[in-house]
Amino acid sequence: MATVSAALPFALEFDPTTTALIVIDMQRDFVEPGGFGETLGNDVSLLQAIVPTTAALIELFRDHNLPIIHTRECHQPDLSDLPSSKRNRGAPSLRIGDPGPMGRILIAGEPGADIIPELSPLNGEIVIDKPGKGAFYATDLGTHLSRLNVRTLIFAGVTTEVCVQTTMREANDRGFDSLLVEDATESYFPEFKAATLAMIRAQGGIVGWTSTYSQLFEALNGKP
Ligand code: TIU
């Protein structure tokens, strides 16, 4: 067993052999200019700050030979998995499926839907394409986690209050213990990130735990 002693709202004890890392939607469409995030009116440069810590977190799991799952929010080229409510919401400069500078916005197989090169999955790591904000909805994520006997999920990625929080809540309802790594997640809205971290930890960890990367590192490797 390992313990993240400084996790909030209290120490998280977990078994590393039944733990996986899930990196949510670190795609060019959210992190780079010209993609989905920017068409929604966001300053995507804010998200770039977490890339080095997220890369270190992925390396930590690779070093321990623990499962790593990468997700990508994207849709089929024929848009058959895109509800009209999602396509038509708001007033983006480009809608999902429209051609943009990184290919069609949020479409599987287009350059914009790729994970950013700094965090590219290695062969053997699981990549889940998901049509929703939550990674369990309409995917085989649950099947992978049962096959791997995973009980604890460590979360990273973007955006904190949208796809990360939605997936963490889905995981919570399915009986997983979940910890979000604070410096490996980001939002276009700093106040929403802060609120999400507070919500997760509130009421005795109603959704799960939070910690920093170095606190998790210490739990897996001992003090540096
Ligand atoms: N818009 C926003 O903050 N997020 C998303 O649309 N998707 C994810 O969070 N991945």
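You'll find the structure just up there.
Before going into details, it helps to say that this report is about the structure given with it. (Residues numbered from 1 in each chain as written. Predicted model: local features only at pLDDT ≥ 70, side-chain atom pairs only at ≥ 80, totals over all residues. Heavy atoms only, no water.)

To continue, consider the overall build of the protein chain. Each helix and strand counted, the protein chain has eight helices and ten strands in total. Computed over C-alpha atoms, the radius of gyration of the protein chain comes to 17 Å, within 12% of the 17 Å expected from 2.2 N^0.38 for 224 residues, which places it in the range of a compact globule. For the protein chain, the residues scored as buried account for 50% of the 224 residues in total. When contacts within the protein chain are restricted to residue pairs at least 6 apart in sequence, long-range pairs at least 24 apart make up 70% of them. Summed over all atoms, the accessible surface of the protein chain reaches about 9600 Å², with 52% contributed by carbon and sulfur. Charged side chains in the protein chain number 17 positive and 28 negative. The centres of these two groups are separated by 5 Å. (Helix = DSSP H or I, 4+ residues; strand = E, 2+ residues; numbered from the N terminus. Rg over C-alpha atoms; globule rule 2.2 N^0.38 Å. Buried < 20%, exposed > 50% of the residue type's maximum accessible area, 1.4 Å probe, protein only. Contact = heavy atoms within 4.5 Å. Areas by Shrake-Rupley, 256 points an atom, 1.4 Å probe, with all protein chains shown as cover. Lys, Arg positive; Asp, Glu negative; His and termini not counted. Charge placed at Lys NZ, Arg CZ, Asp CG, Glu CD.)

Turning to the site of the ligand, a few remarks are in order. Around the ligand sit Asp25, Phe30, Phe36, Leu40, Glu73, Lys133, Val158, Thr159, Val162, Cys163 and Tyr188, and that is every residue in its neighbourhood. In this structure, an oxygen atom belonging to the ligand sits 2.9 Å away from a side-chain N or O atom of lysine 133. Take threonine 159: an N or O atom from its side chain is 2.8 Å from an oxygen atom of the ligand. In isolation the ligand exposes 280 Å². Once the protein is present, 93% of that is buried. One can see that the ligand is located within the largest pocket. (Near = heavy atom within 4 Å. Polar contact = N/O pair within 3.5 Å; in protein donor to acceptor, adjacent residues only side chain to side chain. 1 Å grid on protein atoms, 1.4 Å probe; cavity = no way out; pocket = protein on both sides within 12 Å on 5 of 7 lines; lining within 4 Å. Sits in = over half its atoms within 2 Å of the grid points.)

Bringing the environment of valine 207 into the picture now. With respect to the helices and strands, the residue valine 207 is situated in the loop between helix H7 (190-205) and strand S10 (209-211). Among the residues examined, valine 207 registers a relative accessible area of 2% and is labelled buried. Through-space distance from the C-alpha of valine 207 to that of glycine 37 is 26 Å; in sequence the pair is 170 residues apart. For valine 207, the residues in contact, after removing those within four places along its chain, are Met168, Arg169, Asn172, Ser178, Met199 and Ile200.

Before going further, it helps to spend a moment on the packing of aromatic side chains. Pairs of aromatic rings are described using the distance from one ring centre to the other and the angle between the two planes. Applying the stated rule across the entire model yields five aromatic pairs. Look at phenylalanine 189 and phenylalanine 192: their rings are 4.8 Å apart centre to centre, the planes differ by 35 degrees, and that puts the pair in the tilted class. Residue phenylalanine 192 is classed as partly exposed on the basis of its relative accessible area of 36%. Sitting above the plane of the phenylalanine 176 ring, arginine 151 keeps its charged end 5.0 Å from the centroid. (Phe/Tyr/Trp six-rings, centres within 6.5 Å; stacked < 30°, edge-to-face > 60°. Lys NZ or Arg CZ within 6 Å of the ring centre and 35° of its normal.)

Just distances and angles here, no functional claims.
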